[in-house]
Every structure is written in C-alpha cells, then in structure tokens.
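Here is how the chains run, residue by residue.
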Amino acid sequence: MDLQLHQRDKEGIRILDLQGHLIEGAPEAILRTAIAALAEAKAVNVILNLAGAAGIDADGLGALVFCHARIVTSGGALKLLNLSPLHIDRKSTRLNSSH
C-alpha cells in the first residue's frame, strides 16, 4: 500500500493523517516533500497522525527524524500522534538486538 497523506487544519495546527507504509523509496519521499513544503510556507506547527500507518521501516524512521529537524529549524514543532510499537519494523531497524 502506497503512503497517502491527508492534510487538515485545526486551531492553527496542520495535521497530516498518514495512511499506508512509511518505508524506503516513494513513501518516505512523499512525507519529506510535504514537510519541506509546510516549512517553506511557514506552517510549522505540525502533527503527524500515524493511526493509519501500516508500518515504518528504518528509512521511515529516518524520514521522521528529518521531518522533526526541518520543522524545528523553521521555528516550529512537530508531534507524533498515535505512534505504536507495532508500527516499527524491528527487523529492519535492529531495535530488537541487545547491543
């Protein structure tokens, strides 16, 4: 399933509802592009709603870090909503190792 983003505003905060997999390739590029556009437009108070996210791999985690850094650099804040440990692909991120 490709990543789909649905944007909405609530009380001056931009909410991005993610649907699908946040993984390497086009899905993470879609999110990075959307966040860069928001930062350029000075819409810098952002919530990423991950309720509809089916999974996040290592590249998806990297995209989330990029998004946070990009928004903070623009003087805003980025928050994650509905993130669950079940979203993270532990095999690809090595979060299950004891090292």
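The structure this text deals with has already been given above.
Keep in mind that what you see is a predicted model, and the values were worked out from it rather than measured. (Residues numbered from 1 in each chain as written. Predicted model: local features only at pLDDT ≥ 70, side-chain atom pairs only at ≥ 80, totals over all residues. Heavy atoms only, no water.)

A.B. asks: What's the story with the overall build of the protein chain in this structure? I'm lost.
C.D. replies: Helix and strand counts for the protein chain stand at 3 helices and 4 strands. From first element to last, N terminus to C terminus, the protein chain shows the α and β order β-β-α-β-α-β-α. When each of the 99 residues of the protein chain is scored for burial, the buried share is 34%. Taking as baseline every contact in the protein chain between residues at least 6 positions apart, the subset at least 24 positions apart corresponds to 69%. Here the protein chain displays about 5,800 Å² of accessible surface, and carbon together with sulfur accounts for 53% of that area. (Helix = DSSP H or I, 4+ residues; strand = E, 2+ residues; numbered from the N terminus. Buried < 20%, exposed > 50% of the residue type's maximum accessible area, 1.4 Å probe, protein only. Contact = heavy atoms within 4.5 Å. Areas by Shrake-Rupley, 256 points an atom, 1.4 Å probe, with all protein chains shown as cover.)

A.B. asks: Please explain the side chain of Asp17 as it appears in this structure.
C.D. replies: Structurally, Asp17 can be placed in strand S2 (residues 13–22). At 2.9 Å, the side chain of Asp17 forms a polar contact with the side chain of Asn49. Beyond its immediate sequence surroundings of up to four residues, Asp17 is in contact with Gln4, Leu5, His6, Arg8 and Asn49. (Polar contact = N/O pair within 3.5 Å; in protein donor to acceptor, adjacent residues only side chain to side chain.)

A.B. asks: I tried to follow the nonpolar core on my own but got confused; where do I start?
C.D. replies: A general trend in soluble globular proteins is that nonpolar side chains are found buried together. By size, the foremost hydrophobic cluster in this structure holds 22 residues, and its most contacted members are Leu16, Leu18, Leu31, Ile35, Val46 and Leu48. Among the elements of the structure, S2, helix H1 (26–40), strand S3 (45–56) and helix H2 (58–73) are those that each provide at least two residues to this core. Not counting chain neighbours up to four residues away, the residues in contact with Leu16 comprise Leu5, His6, Gln7, Leu31, Ala34, Ile35, Leu38, Val46, Ile47, Leu48 and Asn49. (Core = buried A, V, L, I, M, F, W, Y, C linked by side-chain atoms within 4.5 Å.)

A.B. asks: Mind showing me how you'd approach unusual backbone geometry here?
C.D. replies: Trans is the prevailing form of peptide bonds, just as negative phi is the prevailing case for residues other than glycine. The phi torsion at Lys42 lies on the positive side, around 65°, for a residue other than glycine. The topology assignment puts Lys42 in the loop between H1 and S3.

A.B. asks: Explain H2 to me, please; I cannot follow it from the model alone.
C.D. replies: One full turn of an α-helix is made of 3.6 residues, so residues set three or four places apart face in the same direction. If you check H2, its first and last C-alpha atoms are 23 Å apart, about what 16 residues at 1.5 Å a residue would give, namely 22 Å. For H2, the full list of buried residues reads Gly60, Ala63, Leu64, Cys67 and Ile71. Buried residues of H2 fall within an arc of 100° about the axis and therefore sit on the same side. Along H2, exposed side chains directed more than 90 degrees from the buried face belong to Val65 and Thr73. Of the surrounding elements, those touching the buried residues of H2 are S2, H1, S3 and strand S4 (77–81). Its side-chain oxygen at 3.0 Å from the backbone nitrogen of Asp59, Asp57 defines the N-terminal cap of H2. Note on H2: the residue one or two positions beyond its end, Gly75, has a positive phi of about 90°. (Expected span 1.5 Å × (residues − 1). Arc of directions from axis to C-beta.)

Interpretation in functional terms is not warranted from these geometric data alone.
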